Each structure stands twice: as structure tokens, then as C-alpha cells.
Amino acid sequence: QVQLVESGGGSVQAGGSLRLSCAASGSTFNIRTMGWYRQVPGKQREWVALISSGGGTNAADSVKGRFTISRDNAKNTVYLQMNSLKPEDTAVYYCNVYPALREYWGRGTQVTVSS
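Enquirer: Break down the state of the cysteines for me, citing the residues and quoting the values.
Expert: Counted by the stated rule, this structure contains 1 disulfide. Paired by a disulfide, C22 and C95 hold their sulfur atoms 1.8 Å apart. Taking the sign of the S-S torsion, about 55° here, the bridge from C22 to C95 comes out right-handed. Of this pair, C22 sits in strand β3 (residues 18-25) while C95 sits in strand β9 (residues 91-97), placing them 73 residues apart in sequence. Overall, C95 belongs to the buried group, its relative accessible area being 1%.

Enquirer: Let's hear about the nonpolar core: which residues, and what values?
Expert: The nonpolar side chains of soluble globular proteins are, as a tendency, buried together. Residues W36, L80, M82 and Y93 are the most contacted members of the largest nonpolar core, which totals 29 residues. When residues of this core are traced back to their parent elements, those giving at least two are β3, β4 (34-39), β5 (46-51), β7 (67-72), β8 (77-82), β9 and β10 (109-114).

Enquirer: Could you give an account of unusual backbone geometry, naming the residues involved and the relevant values?
Expert: Omega for the bond connecting Y98 with P99 falls within 30 degrees of zero, at -5°, which places this linkage in the cis form. Along the chain, P99 turns up in the loop between β9 and β10. In this structure, N76 takes a positive phi of about 50° despite not being glycine. With respect to the helices, strands and loops of the structure, N76 is situated in the loop between β7 and β8.

Enquirer: If you had to explain the pattern of salt bridges to someone new, which residues and values would you point to?
Expert: Taken as a whole, this structure holds 4 salt bridges when the rule is applied. Here E46 makes a salt bridge to R38, at a shortest N to O gap of 2.6 Å. Since its relative accessible area comes to 36%, E46 is described here as partly exposed. Looking at R38, the relative accessible area reads 6%, which means it is buried. Residue R38 is joined to D89 by a salt bridge in which the shortest nitrogen-to-oxygen separation is 3.0 Å. Of the two residues, R38 is situated in strand β4 and D89 in the loop between β8 and β9; the sequence distance between them amounts to 51 residues. This pair shows no difference in class: R38 is buried, exactly as D89 is.

Enquirer: Pulling in residues and values, what's your account of the packing of aromatic side chains?
Expert: Per the counting criterion, the structure on display carries 3 aromatic pairs. On the basis of an interplanar angle of 50° and a centroid distance of 6.0 Å, the ring pair of W47 and Y98 is categorised as tilted. In this pair, W47 sits in strand β5 while Y98 sits in the loop between β9 and β10, placing the two residues 51 residues apart along the sequence. Each member of the aromatic cluster is reached from another via a ring pair, and the members are Y37, Y94 and W105.

Parameters and conventions
- Here the residue numbering is sequential within each chain, running from 1 through the sequence in written order.
- Owing to the predicted nature of the model, reporting of local features is limited to residues with pLDDT of at least 70; listing and counting of side-chain atom pairs is limited to 80 or more, with chain, interface and lining totals taken over all residues.
- Heavy atoms throughout the structure, all of them, feed into the side-chain values; hydrogens and water do not.
- Disulfides are defined as cysteine sulfur pairs within 2.5 Å.
- Secondary structure elements follow DSSP: runs of H or I no shorter than four residues count as helices, runs of E no shorter than two count as strands, and numbering proceeds from the N terminus.
- For each residue, the accessible area found with a 1.4 Å probe, counting protein chains only, is set against the maximum for its type, and the residue is called buried under 20%, exposed over 50%, and partly exposed in between.
- Think of a nonpolar core as a cluster: buried Ala, Val, Leu, Ile, Met, Phe, Trp, Tyr and Cys residues, connected wherever their side-chain atoms sit within 4.5 Å.
- Basic side-chain nitrogens of Lys or Arg form a salt bridge, by our definition, when they fall within 4 Å of a carboxyl oxygen of Asp or Glu.
- Ring pairs shown here join Phe, Tyr and Trp side chains whose ring centres sit within 6.5 Å, with only the six-membered ring taken for Trp; geometry is labelled stacked below 30 degrees between planes, edge-to-face above 60, and tilted in between.

Next up, the structure:
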């Protein structure tokens, strides 16, 4: 069982940066591939980035070159560094295992980017 708590969201102007954190509980965190996802009201949740247990990463085309996912297994934490933010990045951001499991969705953290 894994419990996930996201933090670090906020309001920034376009071009700004934010760093999201996802604190995980559970003994299996270190062997899990983890992902960040986001959702805009009225739209489906979409995958943003993933990181394997060994540190391999991948990201959606819409955020490649701007967002960086990382993890600290000693702290059971996954991060999402978001640079060059755009208004279209506005969403609630969630972390989950990858592929996502319904029972692991947390409350997310709101990111708002103004133009």
C-alpha cells in the first residue's frame, strides 16, 4: 500500500518556476515507477512525466525541456521541477505510481500560471 501527498503548488506568472513534491509512505516506494499527472476541470487527467526505480525518466511532449522529474528514495519523495511555465500548464497536479492506480490518487496540488 502506498499513500501519496502532493505539495508545492501555487500561483506564478508565465515564465516562472515551481517545484512540486510528492511524499510517499509505504515500504515498496523504492521499487515503484512513479509519475506526475495533471487535470484541468472538465478534461481527463493526463500523464506529465515518469521516473523508474533506477532513475530513468520520460516526459510528455508538451513539457519536455521545461519540466524535470526526480526522486530521492532515502526520503520517499518524488519531485517535479517546472520551469518556463505557461498558462496552459494551469491544472491540479497529482503523483501516482505509473501506470496509475485508482486507489493511490491523492488531493493534488493546484498550479496556476497567469499571462
